Amino acid sequence: MAQETTQQAPPSAPTAPARALLPFILPAVLVGVAASLLFVGVSTAGEELQHLLWGTLPDALGVGRFSVLWMFAVLVATGIAVGLVVWKVPGHAGPDPATVGLDAPALPPAVLPGLVLATVLMLAGGPSLGPENPLIAVNAGLAAWLGARFLPRTPGALWPVLAEAATIGALFGTPVAAALVISEALAGRPMPGRLWDNVFAPLTAGTCGAITTALVARPTFDLGLPPMGHPHARDLLAALVIASVAALLGMCAVHAFPYVHAAFRRLRHPMLMLPAGGVVLGALAALGGQLTLFKGVTEIGRLAHDPEGWSAGQFATMAVVKLAALLVAATCGFRGGRIFPAVFVGTALGLCAHALVPAVHPSLGVATGVLGMLLAITRQAWMSLFTAAVLVGSPGTLTLLCVASLPAWLLVTGRPQMQLREDGTPVR
């Protein structure tokens, strides 16, 4: 008589005892608080310098704050200033930003002051990048350096992970984003024990970073758009179309990324590459207007405050110009991240869909536009879903976002990413 074989599921990994996790709490708390304070300090410095460059100075000179001439002049001057930092300051403000993602390596301490200075200049001057990538790199470098000196028993590989989680928690004002990013990163690595045991320390760092930022700066990402009610079949169709179109538009920038980067690299010197990038960004600002400047968080709020205030053509122009500005700023050498400008592009695209088809709810358009764009630019699926959901604060969009992410992910997965290797080839 034939014997039946029974396949048993492999035993699940045992949970770690509490005594194994307790030693990580203090390092996580310290990194979380410090990362948040650095984020707030850099953001405040950038805002103060931005007010000087785009308010006090043009007013004193009798020039329009956002006239074409002034936008062009400030962006070129920002390229010159950042070029000087990259050229002359020790460490050259870190590696080529086109080769760095969110999981930045721990840089030597001598590199960090130049990277901070380049980031502040970029935030104030108007290039379309956010602070996330350089801030993660700075926090990782500081955490690794100080941790090795004062807490040498803590594993060295843990410090960059804590710094990334803490910075993301500080940036978004919630540890959920940090937990999702870290969980997604751990999914592709050999991981001893349970997932929650491995996420415990990064989640602690992200929580402390978020709480510190909330106490000091009180950030919010809710755009205040009208909530969406019970979804209908037309809403499902709109979600699928908008997310897919946004993903395809984002992939156009991703495919152009290595070619634009190579064009700027032919100039061979930061004092040529960055001012040239400033020239191109000045021309784009003249085309897209002042809302296409800066990292985009404040500008997104202005778009969402009046969804009917622009035509479909104007929304489409802002989306395309902002995406082109992101592409140029990220390839010519400005130090910055791509998440917040991509959110602006997705928001403008979603409001364009609402302007074209008024039956498309603005919250649905914004959420799915942001989802598709972030999937293409970052390949961080959980963070893309989280950001899209947080922006609109509408429970009615959650199911639609999950469904819309499926075709959008099929359009981006396995294809080149908006990040290059050292030899200039795209990361896949």
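Residues numbered from 1 in each chain as written. Predicted model: local features only at pLDDT ≥ 70, side-chain atom pairs only at ≥ 80, totals over all residues. Heavy atoms only, no water.

K.L.:
Talk me through the overall build of the protein; I want residue IDs and the actual numbers.
P.N.:
Scanning the protein from terminus to terminus reveals 16 helices and zero strands. Principal axes of the C-alpha set define a box for the protein whose edges measure 90 × 60 × 45 Å. The burial tally for the protein puts 53% of its 428 residues in the buried class. The long-range fraction of contacts in the protein, counting pairs at least 24 apart against all pairs at least 6 apart in sequence, stands at 77%. In the structure as shown, the protein presents an accessible area of about 18,700 Å², 67% of it carried by carbon and sulfur atoms. (Helix = DSSP H or I, 4+ residues; strand = E, 2+ residues; numbered from the N terminus. Buried < 20%, exposed > 50% of the residue type's maximum accessible area, 1.4 Å probe, protein only. Contact = heavy atoms within 4.5 Å. Areas by Shrake-Rupley, 256 points an atom, 1.4 Å probe, with all protein chains shown as cover.)

K.L.:
Account for unusual backbone geometry, with residues named and values stated.
P.N.:
Even without glycine at this site, R268 takes up a positive phi of about 70 degrees. Inspection of the secondary structure puts R268 in the loop between α9 (233-265) and α10 (270-288). A positive phi angle, close to 60 degrees, is found at R379, a residue other than glycine. Counting through the fold element by element, R379 comes out in the loop between α14 (362-378) and α15 (381-392). The buried category is assigned to R379, whose relative accessible area is 10%.

K.L.:
Break down the pattern of salt bridges for me, with residues and values.
P.N.:
Taken as a whole and assessed by the stated rule, the structure comprises two salt bridges. Notably, a salt bridge pairs D59 with R65, separated by 2.5 Å at the nearest N-O pair. In this structure, D96 and R265 form a salt bridge, with 3.6 Å as the shortest nitrogen-oxygen distance. Pair noted here: D96 is in the loop between α3 (68-88) and α4 (112-125) and R265 is in helix α9, with a separation of 169 residues, a long-range link. Residue classification places R265 among the partly exposed positions, given a relative accessible area of 28%. (Salt bridge = Lys/Arg side-chain N within 4 Å of Asp/Glu carboxyl O.)

K.L.:
How would you sum up the nonpolar core? Please name residues and give values.
P.N.:
Ranked by internal contacts, the top residues of the largest apolar core, which has 114 residues, are W54, F172, L281, L303 and F334. Ranked by residues supplied to this core, first place goes to helix α12 (residues 312-332) with 13 residues. Apart from residues lying up to four places away in sequence, W54 is in contact with R65, F66, W70, M71, V74, A124, G125, L293 and F294. Within the second largest apolar cluster, twelve residues are counted, among which are A28, L162, A166 and A201. (Core = buried A, V, L, I, M, F, W, Y, C linked by side-chain atoms within 4.5 Å.)

K.L.:
Tell me about the packing of aromatic side chains, residues and numbers included.
P.N.:
Within this structure, the stated rule accounts for five aromatic pairs. Geometrically, the ring pair formed by W54 and F294 is edge-to-face, given 5.5 Å between the ring centres and 80 degrees between the ring planes. Pair noted here: W54 is in helix α2 (residues 25-61) and F294 is in the loop between α10 and α11 (297-305), with a separation of 240 residues, a long-range link. F294 sits in the buried class, given a relative accessible area of 6%. The ring centre of F340 lies 5.8 Å from the NZ or CZ of K295, which sits over that ring. One Lys or Arg, K322, reaches over the ring of F344 and ends 5.2 Å from the middle of that ring. (Phe/Tyr/Trp six-rings, centres within 6.5 Å; stacked < 30°, edge-to-face > 60°. Lys NZ or Arg CZ within 6 Å of the ring centre and 35° of its normal.)

K.L.:
How would you sum up the environment of P109? Please name residues and give values.
P.N.:
Structurally, P109 can be placed in the loop between α3 and α4. For P109, a relative accessible area of 34% puts it in the partly exposed group. For the pair P109 and L284, spaced 175 residues apart in sequence, the C-alpha to C-alpha distance is 36 Å.

K.L.:
I'd like a rundown of α10, residues and numbers included.
P.N.:
Over its 19 residues, α10 runs 26 Å from end to end, which matches the ideal 27 Å to within 8%, given 1.5 Å per residue. Among the residues of α10, those classed as buried are P270, M273, L274, P275, G277, G278, L281, G282, L284, A285 and G288. Structurally, α10 contributes buried residues whose contacts are with α3, α9 and α12. Trailing α10 by a residue or two, G289 shows a phi angle of about 90 degrees, which is positive. (Expected span 1.5 Å × (residues − 1).)

K.L.:
Lay out the packing of α9 against α14 in plain terms, naming residues and giving numbers.
P.N.:
For the pair α9 and α14, the least separation of the axes is 7 Å and the interaxial angle reads 35 degrees. Of the two possible hands of crossing, α9 and α14 adopt the one that is right-handed. Contact residues: α9 offers D235, A238, A239, I242, A243, A246, A247, L249, G250, M251 and V254, while α14 offers L364, G365, T368, G369, G372, M373, A376 and I377. Here the contact of α9 with α14 is composed, by residue class, of 13 nonpolar, five polar and one charged. (Axes fitted to C-alpha atoms, helices over the stretch in contact; angles between N-to-C directions. Left-handed = near helix turned anticlockwise from the far one by under 90°. Nonpolar A, V, L, I, M, F, W, Y, C, P; charged D, E, K, R; others polar.)

K.L.:
I'd like to hear about the confidence of the model for the protein, residue by residue, with values.
P.N.:
Averaged over all residues, the pLDDT of the protein equals 89, while 94% of them reach at least 70. With pLDDT under 50 throughout, residues 1-7 is counted as low confidence; its partners more than four residues away or in other chains account for zero contacts. (pLDDT = per-residue confidence, 0-100.)

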